[in-house]
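Report on the structure
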Amino acid sequence: MNYENIILELLDRIKVLEEQVKVLVEKDQEKPILVNKMSTGDIRDYINKCKTVARNEGKANIILLAGDIHRELKLKSAMPMVCNAMRQCMSTEDTVLYETASGYSSTLKIEYRL
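Below is a summary of the structure that appears in this document.

Cut-offs used in this document
- Residues numbered from 1 in each chain as written.
- Predicted model: local features only at pLDDT ≥ 70, side-chain atom pairs only at ≥ 80, totals over all residues.
- Heavy atoms only, no water.
- Helix = DSSP H or I, 4+ residues; strand = E, 2+ residues; numbered from the N terminus.
- Buried < 20%, exposed > 50% of the residue type's maximum accessible area, 1.4 Å probe, protein only.
- Contact = heavy atoms within 4.5 Å.
- Patch = residues over 30% accessible without salt bridge, like charges linked within 9 Å, V, L, I, M, F, W, Y side chains within 5 Å.
- Areas by Shrake-Rupley, 256 points an atom, 1.4 Å probe, with all protein chains shown as cover.
- Salt bridge = Lys/Arg side-chain N within 4 Å of Asp/Glu carboxyl O.
- Arc of directions from axis to C-beta.
- Pairing = 2+ DSSP bridges.
- Axes fitted to C-alpha atoms, helices over the stretch in contact; angles between N-to-C directions.
- Core = buried A, V, L, I, M, F, W, Y, C linked by side-chain atoms within 4.5 Å.
- Expected span 1.5 Å × (residues − 1).
- Parallel < 35°, antiparallel > 145°, perpendicular 65-115°, else oblique.
- Left-handed = near helix turned anticlockwise from the far one by under 90°.
- Nonpolar A, V, L, I, M, F, W, Y, C, P; charged D, E, K, R; others polar.

1. Remarks on the environment of Leu75
Of note, Leu75 is situated in the loop between α3 (66–72) and α4 (79–88). Taking relative accessible area as the criterion, Leu75 reaches 10% and is therefore assigned buried. C-alpha separation for the pair Leu75 and Met38, spaced 37 residues apart in sequence, amounts to 8.2 Å. Apart from residues lying up to four places away in sequence, Leu75 is in contact with Met38, Ile43, His70 and Val82.

2. Examining a nonpolar patch on the surface
A cluster of nonpolar side chains, contributed by Met1, Tyr3, Ile6, Ile7, Leu8, Leu10, Leu11 and Ile14, occupies part of the molecular surface with about 850 Å² of accessible area. Within the secondary structure, Leu11 is located in helix α1 (residues 3–30).

3. Observations concerning α4
Met79, Val82, Cys83, Ala85 and Met86 are the residues of α4 that are buried. Each buried residue of α4 sits inside an arc of 160 degrees when the element is viewed along its axis, so together they form one side. For α4, the elements touching its buried residues are α2 (40–56), β1 (61–65), α3 and β3 (109–113).

4. Digging into the pairing of β3
Pairing analysis gives 5 bridges linking β1 to β3, with the strands arranged antiparallel. Bridging from a neighbouring strand, Leu64 pairs with Ile110 of β3.

5. Quick look at the sheet that holds strand β2 (residues 95–98)
Here 3 strands make up an open sheet; going across it, the order is β1-β3-β2 and the pairing antiparallel. Looking at which strands have only one partner, the edges of the open sheet turn out to be β1 and β2. For this sheet the average axis-to-axis angle between neighbouring strands, irrespective of direction, equals 25 degrees. Docked against the sheet, α2 engages β1 and β3, running at close to 145 degrees with respect to β1.

6. Overview of the nonpolar core
Here is a general trend for soluble globular proteins: nonpolar side chains tend to be buried in one another's company. Ranked by internal contacts, the top residues of the largest apolar core, which has 20 residues, are Ile43, Ile47, Leu64, Ile69, Val82, Met86 and Tyr112. Put simply, the parts of the chain that give this core at least two residues each are α2, β1, α3, α4 and β3. Take this core: its biggest share by element is 5 residues, from α4. With sequence-adjacent residues up to four places away left out, Met86 is seen in contact with Ile47, Leu64, Leu65, Ala66, Ile69, Leu108, Ile110 and Tyr112.

7. Some thoughts on α2
Here α2 contains 17 residues, and its C-alpha end-to-end distance of 24 Å stays within 8% of the 24 Å for a straight helix at 1.5 Å per residue. Within α2, the full set of buried residues consists of Thr40, Gly41, Ile43, Ile47, Cys50, Lys51 and Ala54. The elements touched by buried residues of α2 are β1, α3, α4 and β3. Once α2 ends, the next one or two residues include Gly58, with phi positive near 85 degrees.

8. Observations concerning the packing of α2 against α4
At their nearest, the axes of α2 and α4 sit 9 Å apart, and the two run at 55 degrees to each other. By the criterion of interaxial angle, the relationship of α2 to α4 is oblique. In this structure, α2 crosses over α4, and the sense of that crossing is right-handed. Between α2 and α4, the contacting residues are Thr40, Ile43, Arg44 and Ile47 on the first element and Met81, Val82, Ala85, Met86 and Gln88 on the second. The residue inventory of the contact of α2 with α4, partitioned by class, reads 6 nonpolar, 2 polar and 1 charged.

Following this line, the structure appears as structure tokens:
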């Protein structure tokens, strides 16, 4: 067997593969990264819209659950933001119906008076 020719052929194949990888990496870097960035203010806006809709339907109050808001807005690992936004939307007449010790649970439940 001619090992020298085999080694040269393998080196050529490696070179071709490296060029293909380089092209793929460059293409991947050109793609825009889509990130669903949402702020606490955006979550407050959503809560206020929920309150407005309920008020327009003639309801006297609305009960919101942090886990439902997190799911509806398709958030990932944003429970502290949701809980903070829920508290920021409270007035003196509103009531926290359920809260855990940490205060940042999906089970935070607040009743908003409309």
